[in-house]
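Summary of structural features
Next come the chains, spelled out residue by residue.
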Amino acid sequence: MIEYDIEEKTYTLNLGPQHPSTHGVLRVLLEMEGEFITKAEPVIGYGHRAHEHMAENRNYLQFLPNMGRVDYLHALAFNQGYCMAVEKLIGVTVPERAEFIRVITAELNRVSSHLVWLGAYLLDLGAFTPILYSFDDRENLLDLLDRVTGSRLTYCYYRPGGVPTDIDEEFITGTRAFIKRLRTRFADYDNLVTKNVIFINRTKDVGLITKDQCVKYGLTGPFLRGSGIPYDIRKSEPYSAYPLFDFEIPIGEKGDILDRYVVRVKEMEQSLRIIEQALDKLPNGPIMAEKVPKRIKPAEGEVYQAVETARGEFGCYIVSQGDVKPYRIKLRVPSFANLSILPELAVDTLVADLVAILGSVDVVVPEIDR
Amino acid sequence: MEMLAQFLGTEGARMIVGLVGVIALVSVNALFLIWMERKVAAHMQLRPGPMEVGPHGAIQTVADALKLMGKELITPDEVDKPIFWLAPIVVFLPVLLSFLVVPFSSTWIIKDMNVGIVLILAFSTLSVLAILMAGWASNNKYAVFGAIRSVAQNIAYEIPLLITVMSIILMVGSFKLSDIVAAQSQYWFVLLQPLAFILFIICATAETNRAPFDLPEAESELVAGFHTEYSGMRFALFFLAEYTNMFIASAVATVLFLGGWHGPFLPGVIWFLLKVYALIFLMMWFRWTFPRVRFDQLLNFAWKILIPLAFANLLITALVLKLR
């Protein structure tokens, strides 16, 4: 009789860095037992571009375009965080109209980011069609943003002290039309997605995160709100013109990936509300502060400015030693913290669940690698 | 000459003409179906689809097939070569042979066997073997994953499929496909057996590895599943087999439930093809609307819901037939 001495009960599966559902160059090393995952280990750094180091070698304005490359999906929030930090450092107040324009464009960008996520997430779940619907909506949005910012993806629009170009009448009417259009589209998404029993079965009670875990891992954004903690920097540490607008923070009940879906869709609706109010109240006046020096050379000091991006808290920490170049810039990015919970969530799930959870994290890999 | 004339009048000539016809039909049909799928998908997704080659991209798939023929057949170093080479052939032959017994009309049938339905079901099971061969021989974890999933899925869905077919067989009392169609000259069996029809369509979708049951090749999880390592014409054969399988599954559903070639005004063949393509359209509609089910849910659905339902349907059918 032959005796087989089988020691290894698990095997390693390499998910990525080139895999259809790792959203770029994320690599996850999985230890598997059959179809179940016993251990997951994200391997990051394939898209490392040393943004923080680049900051030490260029002046304050030259670093601005880098911000659009860190998180390419919600670039304007990163623009805003960085500009606000620099403004704090040099003590400039932004005119009200510029703040309004920033809010309008940043919220439009948030909607476009969520639309990309919506399509990609459902693609991960195996539904191919929604991504083309959401990209169709996003296309209108990109045309609008292209009009004011001059680019479609890696925006570099805000400047320390305001915004360089004003919005025009065509942008305003276009935005209003887009809001109207997107509101009718939510019904389509609802029919196509949330009323689908397969989608509900795939997402309900998958990837549960408790409130404690969220706090422990420092999760922010829709992740945290999906677990039921109403924390949004736009409300808790209001910045820019956000205190002037009336909006709600949608929260989920349980913290599964279905709640995260619902939260993100509701966030889009809230963003539309904010944009509408901002367009209604848009004040006249200058769009650039008067006393912004051509050559930004702040005094010694340190600032930290946090903003709410589509994925959570983005914090920009600048240390200045009185030079034209920053001494050090630290970028606190949401995706990095949000991804850190993946090893814990992945244990004892199926590969299909892991892909769904990864989709619900909404990682932007350049942001993690920086 | 006499012998030739004698031969041409026999069953043998019918087989040869039939097989040539089948090969032509399979190729043209697969090319058409791939074009149709791309067009259906495109229009559901607010885009035009292929438009460049031919009117509305009609011969785009011909161009694609030619390109695939010209491609190098890559055999990776680590694969189990004989099995790797054999798998695409094994997947394709049974599908081809299934056409022998498909009754396109009362006269358009190559060989009207008295076990026709059994033959088709037996051959359709063989495709699992080929998928297992392909996945195992590829020596690739994702491919093995796909193959294992495919086997588990096909075994699970074969059972309710056979049971639903049994309830139709009970009503007709024959395995002969032409008899089953002839029995529906008054009314289609879909009216008498609506549950069986729904069960059959679900199982057939799963059997042909189509979305939402396309787990063996779930691209967001397994990259390309069992055919990850295949290229060129070998890949094309898998592709061809998938679409031809769809045609066979729809043809069987048409024969069992939709009255086969029966229909007013138009000739029988046209009616048959119309019904088949309508069912194929339904399957495409599924694919471009639904997300993919998870593996455990897929098996639970088969074992806990479909099989009991199919059994209940069979028992009720038997009871009604007995009491009548």
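Residues numbered from 1 in each chain as written. Chains lettered and ligands numbered in written order. Predicted model: local features only at pLDDT ≥ 70, side-chain atom pairs only at ≥ 80, totals over all residues.

Looking at the interface of chain B and chain A
Each partner contributes residues to the interface: chain B has 22 residues there, and chain A has 26 residues. For the side of chain B that touches chain A, the secondary structure elements donating two or more residues are α10 (219-222), α12 (268-289) and α13 (295-323) of chain B. Residues of the side of chain B that touches chain A, tallied by class, amount to 11 nonpolar, 4 polar and 7 charged. (Contact = placed C-beta atoms within 7 Å. Helix = DSSP H or I, 4+ residues; strand = E, 2+ residues; numbered from the N terminus. Nonpolar A, V, L, I, M, F, W, Y, C, P; charged D, E, K, R; others polar.)

Points about the environment of B:Ile117
All names here are of chain B. With respect to the element layout, Ile117 can be found in helix α5 (residues 116-138). Judged by the 25 C-beta atoms lying within 10 Å of it, Ile117 falls in the buried class. Taking the C-alpha atoms as reference points, Ile117 and Asn154, separated by 37 residues in sequence, lie 18 Å from one another. Discounting chain neighbours no more than four positions away, the residues touching Ile117 are Val165, Phe175 and Leu177. (Buried ≥ 20, exposed ≤ 12 C-beta atoms within 10 Å, placed from the backbone.)

Describing the sheet that holds strand β3 (residues 36-43) of chain A
Residue and element names in this part refer to chain A. Read across the open sheet, the 3 strands follow the order β1-β2-β3; overall the sheet is antiparallel. Only two strands of the sheet have a single partner each, and these edge strands are β1 (11-15) and β3. On average, each strand axis in the sheet is inclined to that of its neighbour by 25°, with strand direction left out of account. Note: strand β2 (residues 27-33) against β3, 7 bridges, orientation antiparallel. Directly across from Arg27, in β3, lies its bridge partner Val43. (Pairing = 2+ DSSP bridges. Axes fitted to C-alpha atoms, helices over the stretch in contact; angles between N-to-C directions.)

Let's talk about unusual backbone geometry
Residues and elements named next belong to chain B. Despite not being glycine, Leu46 shows a phi value in the positive range, around 60°. For Leu46, the position within the fold is in the loop between α2 (11-44) and α3 (60-69). Even without glycine at this site, His56 takes up a positive phi of about 55°. With respect to the helices and strands, His56 occurs in the loop between α2 and α3.

Comments concerning the pairing of strand β4 (residues 301-309) of chain A
All names here are of chain A. Pairing analysis gives 9 bridges linking β4 to strand β5 (residues 312-320), with the strands arranged antiparallel. Considered in β5, the bridge of Ala306 is made with Gly315. Connecting β4 to the antiparallel partner β5 that follows it, the hairpin turn spans 2 residues.

Looking at the sheet that holds β5(A)
Residues and elements named next belong to chain A. Strand order in the open sheet formed by 3 strands is β4-β5-β6, with antiparallel pairing between adjacent strands. Bordering the open sheet on either side are β4 and β6 (328-332), each of which pairs with just one other strand. The mean angle between the axes of side-by-side strands here comes to 10°, regardless of whether they run parallel or antiparallel. Relative to β6, β5 runs antiparallel, the two being bridged by 5 bridges.

What about the pairing of β2(A)?
Residues and elements named next belong to chain A. Inspection of the sheet shows β1 paired to β2 by 5 bridges, in the antiparallel sense. Looking at the pairing, Thr12 lines up with Glu31 of β2. Taking the residues that link successive antiparallel strands as the turn, the β2-β3 hairpin has 2 residues, and the phi of Gly34 there is positive, at about 65°.

Considering the environment of A:Ile90
Residues and elements named next belong to chain A. In this fold, Ile90 is placed in helix α3 (residues 75-90). Taking the number of C-beta atoms within 10 Å as the measure of exposure, Ile90 has 20 and is therefore buried. Residues Ile90 and Ala299 lie 209 residues apart in sequence; the distance between their C-alpha atoms is 7.4 Å. Sequence-distant contacts of Ile90, that is, excluding residues within four places in its chain, are made with Pro160, Ile296 and Pro298.

Some remarks on the nonpolar core
Within the largest apolar cluster, 197 residues are counted, with the highest numbers of intra-cluster contacts made by A:Leu342, A:Ile357, B:Phe200, B:Cys203, B:Ala253 and B:Leu256. Considering every element that reaches this core, the biggest residue donor is helix α11 (residues 232-257) of chain B, with 16 residues. Once residues lying within four places of it in the same chain are set aside, the contact partners of B:Phe200 are B:Leu161, B:Thr164, B:Ala253, B:Leu256 and B:Phe257. (Core = buried A, V, L, I, M, F, W, Y, C linked by C-beta atoms within 7 Å.)

Some points on the environment of B:Ala65
Residue and element names in this part refer to chain B. Note that Ala65 resides in helix α3. Along the primary structure Ala65 and Gly232 are separated by 167 residues, whereas in three dimensions their C-alpha atoms are 9.2 Å apart. Setting aside anything within four residues of it in sequence, one finds Ala65 in contact with Leu31 and Ala236.

Description of α3(A)
Residues and elements named next belong to chain A. Over its 16 residues, α3 runs 23 Å from end to end, which matches the ideal 22 Å to within 8%, given 1.5 Å per residue. Burial analysis of α3 places 15 of its 16 residues in the buried class, which makes it a mostly covered element. Positioned one or two residues after α3, Gly91 has a phi angle of 70°, which is positive. (Expected span 1.5 Å × (residues − 1).)

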